[in-house]
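# Residue-level structure breakdown
Here is how the chains run, residue by residue.
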Amino acid sequence: MDLFKQNRYVALLIGAILVCVGSICLLWRTAGIEEQGIMSMPRLGAESTIPMLQAQSLRPFEASISVIQRNKMPHTAMVGHEFKQELEKSKLVKEQSVSAAKLDKTIPPKQIFFTRTALLSPEDESKSTWKYALSEEELLLLQKIVMAEAEGEPYEGKVAVANVVLNRLRSANYPNTITEVVYQKYQFSPVRNGRLKRVKPNKDTVRAVTEALYGRKEVSDDTYYFLSIKLASDLTVARTQKKIKQIGNHTFYK
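Each value, and the rule that gives it
Residues numbered from 1 in each chain as written. Predicted model: local features only at pLDDT ≥ 70, side-chain atom pairs only at ≥ 80, totals over all residues. Heavy atoms only, no water. Helix = DSSP H or I, 4+ residues; strand = E, 2+ residues; numbered from the N terminus. Expected span 1.5 Å × (residues − 1). Buried < 20%, exposed > 50% of the residue type's maximum accessible area, 1.4 Å probe, protein only. 1 Å grid on protein atoms, 1.4 Å probe; cavity = no way out; pocket = protein on both sides within 12 Å on 5 of 7 lines; lining within 4 Å. Points joined across faces, edges and corners; volume = space filled by probe spheres on them. Nonpolar A, V, L, I, M, F, W, Y, C, P; charged D, E, K, R; others polar. Salt bridge = Lys/Arg side-chain N within 4 Å of Asp/Glu carboxyl O. Patch = residues over 30% accessible without salt bridge, like charges linked within 9 Å, V, L, I, M, F, W, Y side chains within 5 Å. Areas by Shrake-Rupley, 256 points an atom, 1.4 Å probe, with all protein chains shown as cover. Pairing = 2+ DSSP bridges.

The next point concerns helix 2 (residues 136–150). Its 15 residues give helix 2 an end-to-end C-alpha distance of 21 Å, which sits within 8% of 21 Å, the value for a rise of 1.5 Å per residue. Turning to helix 2, its buried residues are Glu138, Leu139, Leu141, Leu142, Gln143, Lys144, Ile145, Val146, Met147, Ala148, Glu149 and Ala150.

Here we come to the layout of surface pockets. Of the volumes computed, that of the largest pocket is approximately 760 Å³. Along the walls of the largest pocket sit 31 residues, with Gln187, Ser189, Phe226, Leu227 and Ala232 positioned nearest its centre. Secondary-structure elements contributing two or more residues to the lining of the largest pocket are helix 2, helix 3 (155–170), helix 5 (189–193), strand 4 (225–228) and helix 8 (236–240). In terms of residue class, the lining of the largest pocket is made up of 13 nonpolar, eleven polar and seven charged.

Opposite charge on two side chains permits pairing when their charged atoms draw close. In the structure shown here, the tally under the stated rule is eleven salt bridges. Between arginine 207 and aspartate 204 there is a salt bridge, with its nearest N and O atoms 3.7 Å apart. With a gap of three residues between them, arginine 207 and aspartate 204 both fall in helix 7 (residues 203–213), about one helical turn apart. Since its relative accessible area comes to 44%, arginine 207 is described here as partly exposed. Across the pair arginine 216 and glutamate 211 runs a salt bridge whose closest N-O atoms are separated by 3.3 Å. The class for arginine 216 is partly exposed, based on a relative accessible area of 26%.

With that out of the way, let us pick up a nonpolar patch on the surface. A cluster of nonpolar side chains, contributed by Leu13, Ile17 and Val21, occupies part of the molecular surface with about 260 Å² of accessible area. Here leucine 13 lies in helix 1 (residues 2–102). Take leucine 13: its relative accessible area is 52%, and that puts it in the exposed class.

Attention now moves to the pairing of strand 6 (residues 250–253). Here strand 6 shows a buried face lined by His250 and Phe252 and a second buried face lined by Thr251 and Tyr253. In this structure, strand 4 lies alongside strand 6, joined through four bridges in antiparallel fashion. Within strand 6, the residue paired with phenylalanine 226 across the bridge is phenylalanine 252. The antiparallel pairing of strand 5 (residues 243–247) with strand 6 creates a hairpin that spans two residues between the two strands, and glycine 248 there sits at a positive phi of about 65°.

Given below as structure tokens:
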């Protein structure tokens, strides 16, 4: 009986030891699995997080590039448009300079350009509504009537007399040619007294007429009369027309 009891105690002791050993092994194994899980989690997290962080960090950069490109494209287009405009302006200025260089204003023009109300310079030809072909004979006649009317007058007065003749040529109230304007009845005293045939235009007169043909104006485009108060026998114009300007001995009216 004593042996049996002793064996029973031994069996219980062995069983308890085995349970303890089993429990320790089980705990050790569980702890090992958990440790492996804990050790592996940071590695997996790092591997999966880096691309995510890279993607997130790249998104603002890509967005900023996109914004810059969107902002840059209109600015580039605007700069290109402005450059094109400046290029066209410089080209136009260059063409005008070349055309002005080619135009020798010491030589009378072959054509005169008008609108309905004004004489234009050759540079403004595109604005004209009609043009007049100037022959050598009519150019000489214009120079002679200016010389006959304003020989002793200031240079500006010579230009002004030429202005009056050209204003009449443009106006619908007067004849359509320089010859008819000059020889219109009772208009220019040198035609009546024969002085027109005797005079020979001097350099100042030729230059004054040429400048008037190129658009220089000493009186306005609506000035159609002039007379010398001291020499005129008929003062009807002075009494009935509006005085515009006085140059030398001549008073100009419209």
